[in-house]
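Each chain is listed here by its residues.
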Amino acid sequence: MKDEVEKAINLILAQAERILIAQGHKDTGNLISSLKVKATEAAGELWGLDYGLAQETGIKKENIPFGKGGGTSLYIDAIMAWIRRRGFENDIKKVKGMAFAIAKTHKEVGMHSKGGKFAPQQQGFLTEAIKITQKDVDLLISEG
């Protein structure tokens, strides 16, 4: 039965990877490469980097770590690094302005956003993968 559980979780994993890419969440590829399967006779688990949870559930606007003022912000620094990696801009002043604009939007609508509006289609990669693979997973498990 462990083999069937592992096959089922791997099926979900493959679909989850495709969805992450389709949603645009392949910046460094670290999340996708961190996804690992653990299977026992009775259960399967999918493990990955912590921020995968934010890609799955999003972040409510009240939990966005921005707007308290002053000092440095790891949140702004991370957005700035993302802007540079994606090649959107290299001028540091423009990058910083873009990062603050993105953070302001996240604070207003939550994360994920697109075009200044809340974008729930940019999250739920794992939930969607489970829905898509449900019949095949059920079949694998029942055959096991």
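Residues numbered from 1 in each chain as written. Predicted model: local features only at pLDDT ≥ 70, side-chain atom pairs only at ≥ 80, totals over all residues. Heavy atoms only, no water.

**Student:** Is there a simple way to explain the overall build of the chain in this structure?
**Tutor:** Within the chain, the secondary structure is distributed over 6 helices and 4 strands. When the helices and strands of the chain are placed in sequence order, the string is α-α-β-β-α-α-α-β-β-α. Relative to its length of 144 residues, the chain is extended, with a C-alpha radius of gyration of 18 Å against a globular reference of 15 Å. Out of the 144 residues belonging to the chain, those deemed buried represent 31%. Contacts in the chain between residues at least 24 apart in sequence constitute 60% of all its contacts with a sequence separation of at least 6. Summing over all exposed atoms, the chain offers an accessible surface of approximately 9,200 Å²; the carbon and sulfur share of this is 56%. Within the chain, the 18 negative side-chain charges are centred at a point lying 11 Å from the centre of the 21 positive side-chain charges. (Helix = DSSP H or I, 4+ residues; strand = E, 2+ residues; numbered from the N terminus. Rg over C-alpha atoms; globule rule 2.2 N^0.38 Å. Buried < 20%, exposed > 50% of the residue type's maximum accessible area, 1.4 Å probe, protein only. Contact = heavy atoms within 4.5 Å. Areas by Shrake-Rupley, 256 points an atom, 1.4 Å probe, with all protein chains shown as cover. Lys, Arg positive; Asp, Glu negative; His and termini not counted. Charge placed at Lys NZ, Arg CZ, Asp CG, Glu CD.)

**Student:** Would you mind showing me how to read the nonpolar core here?
**Tutor:** Where a protein is soluble and globular, its nonpolar side chains tend to be buried together. Core analysis: the largest hydrophobic core is formed by 16 residues, its most contacted members being Ile12, Leu20, Leu35, Phe125 and Ala129. Counting residues per element, the ones that place at least two in this core are helix 1 (2-22), helix 2 (30-34) and helix 6 (125-143). The element best represented in this core is helix 1, accounting for 8 residues. In contact with Ile12, other than residues within four places in its own chain, are Leu126, Ala129, Ile130, Thr133 and Val137. Membership of the second largest hydrophobic core comes to 12 residues, among which are Ile64, Phe66, Ile79 and Ala99. (Core = buried A, V, L, I, M, F, W, Y, C linked by side-chain atoms within 4.5 Å.)

Read these as spatial facts, not as claims about activity.
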